[in-house]
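# Fold and contact review
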Amino acid sequence: MMTNKPTFADRKKREAAMRKAGRLPPGQALTEKFPVLHYGAIPDCDPNSWDFRIWGEVEQPATLTYESFMQLPRVDAQFDLHCVTRWSKFDTHWSGVRFNTLIETGLVKIKPSARFILQHAENGYTANMPIDLMKAETFLLATHFEGQPLTPEHGFPLRGLVGAIPGRKDLKDVYLWKGAKWLRGLEILPADQPGFWEQAGYHNEGDIWKEQRSA
Ligand SMILES: Nc1nc2c(c(=O)[nH]1)N[C@H]1C(S)=C(S)[C@@H](COP(=O)(O)O)O[C@H]1N2
Ligand SMILES: [Mo]
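Attention here is on the structure that accompanies the text. (Residues numbered from 1 in each chain as written. Chains lettered and ligands numbered in written order. Predicted model: local features only at pLDDT ≥ 70, side-chain atom pairs only at ≥ 80, totals over all residues. Heavy atoms only, no water.)

### Thoughts on the sheet that holds strand β3 (residues 62-65)
With respect to topology, five strands assemble into an open sheet ordered β3-β2-β11-β6-β7, the strand pairing being mixed. The outermost strands of the open sheet, each flanked by one partner alone, are β3 and β7 (126-130). Across the sheet, the mean angle from the axis of one strand to that of its neighbour is 15 degrees, orientation sign disregarded. Pairing geometry for strand β6 (residues 116-121) and strand β11 (residues 183-189), over six bridges, is antiparallel. Within β11, the position partnered with L118 by the bridge is E187. (Pairing = 2+ DSSP bridges. Helix = DSSP H or I, 4+ residues; strand = E, 2+ residues; numbered from the N terminus. Axes fitted to C-alpha atoms, helices over the stretch in contact; angles between N-to-C directions.)

Here you go:
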């Protein structure tokens with residue numbers, strides 16, 4: 001059977017429905033595509049030398065191999081994605097590891113002084129968020145998109161991912177730049193430190209409903 005590409009009119013109809021449902025943040029437009037956006041080149045990943053580190057305000061720094069990370073308890077998540085460049089992609093499906101799982105499995109013991117987390121990715125990319133947002137259901141250490149391992153351009157093998165959950169207006173929602181593709185570690189901090197785009201003039205908090213795009 002042939003599937004037809006959605007027309008402009010189809011897309012606008014879906015967009016209007018999302019707006020009506022309260023799922024389209026101000027200044028955003030619906031896309032059916034999955035744009036690729038990042039600074040610099042797509043890094044290569046060799047699972048044999050890949051590791052994932054957690055350090056800073058923890059009782060003991062931890063390093064996980066690719067294998068041990070992939071064996072952590074996993075969850076599925078459905079997110080609406082909102083990029084500061086004004087596209088929104090709805091009903092995306094991911095799987096990966098919750099930040100809380102690192103704590104619940106005893107891998108990481110967070111010190112009471114911990115307040116913020118800086119995601120560290122390949123090539124020096126960083127993104128900062130309060131620890132409460134990393135613990136929330138809207139953040140995932142994502143390894144799979146729509147049932148498949150991440151593609152290199154979307155962050156293989158691991159990305160931090162923030163997404164809005166329909167109907168959960170009790171949670172804070174932030175723009176997509178707050179999740180680091182090609183994620184290699186988490187630095188737990190006692191005080192906030194601006195990440196890559198935050199240093200470049202993006203808003204420090206990036207709330208999509210308040211349109212906190214730039215500082
Ligand atoms: N490592 C890394 N992660 C990154 C970025 C980047 O430049 N480097 N850009 C961010 C921005 S601005 C966006 S909008 C999303 C885009 O994710 P996508 O390419 O999967 O759509 O990745 C975020 N994560
Ligand atoms: Mo972005």
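### With respect to the site of ligand 1
Surrounding ligand 1, one finds 19 residues, the nearest of these being P35, Y39, H154, R159 and K181. H154 has a polar side-chain atom sitting 2.6 Å from an oxygen atom of ligand 1. For ligand 1, a nitrogen atom lies 2.8 Å from a polar atom in the backbone of G179. In isolation ligand 1 offers 530 Å² of accessible surface; the protein chains occlude 98% of this area. Here the shell around ligand 1 is composed, by residue class, of 14 nonpolar, three polar and two charged. (Near = heavy atom within 4 Å. Polar contact = N/O pair within 3.5 Å; in protein donor to acceptor, adjacent residues only side chain to side chain. Areas by Shrake-Rupley, 256 points an atom, 1.4 Å probe, with all protein chains shown as cover. Nonpolar A, V, L, I, M, F, W, Y, C, P; charged D, E, K, R; others polar.)

### A look at the pairing of strand β2 (residues 51-56)
Pairing of β2 with β3, which is carried by four bridges, proceeds in the antiparallel orientation. When the sheet's bridge partners are listed, D51 is paired in β3 with T65. What sits between the antiparallel neighbours β2 and β3 is a turn of five residues. Relative to β11, β2 runs parallel, the two being bridged by four bridges. The residue of β11 that forms the bridge with G56 is I188.

### Some thoughts on the nonpolar core
Within the largest apolar cluster, 34 residues are counted, with the highest numbers of intra-cluster contacts made by F52, I54 and L186. For this core, the elements supplying multiple residues, two or more each, are β2, β3, α3 (99-104), β6, β7, α4 (131-135), β8 (139-145) and β11. In terms of nonpolar packing, the next biggest core, distinct from the first, is built from 13 residues, A77, F79, A142 and F145 among them. (Core = buried A, V, L, I, M, F, W, Y, C linked by side-chain atoms within 4.5 Å. Buried < 20%, exposed > 50% of the residue type's maximum accessible area, 1.4 Å probe, protein only.)

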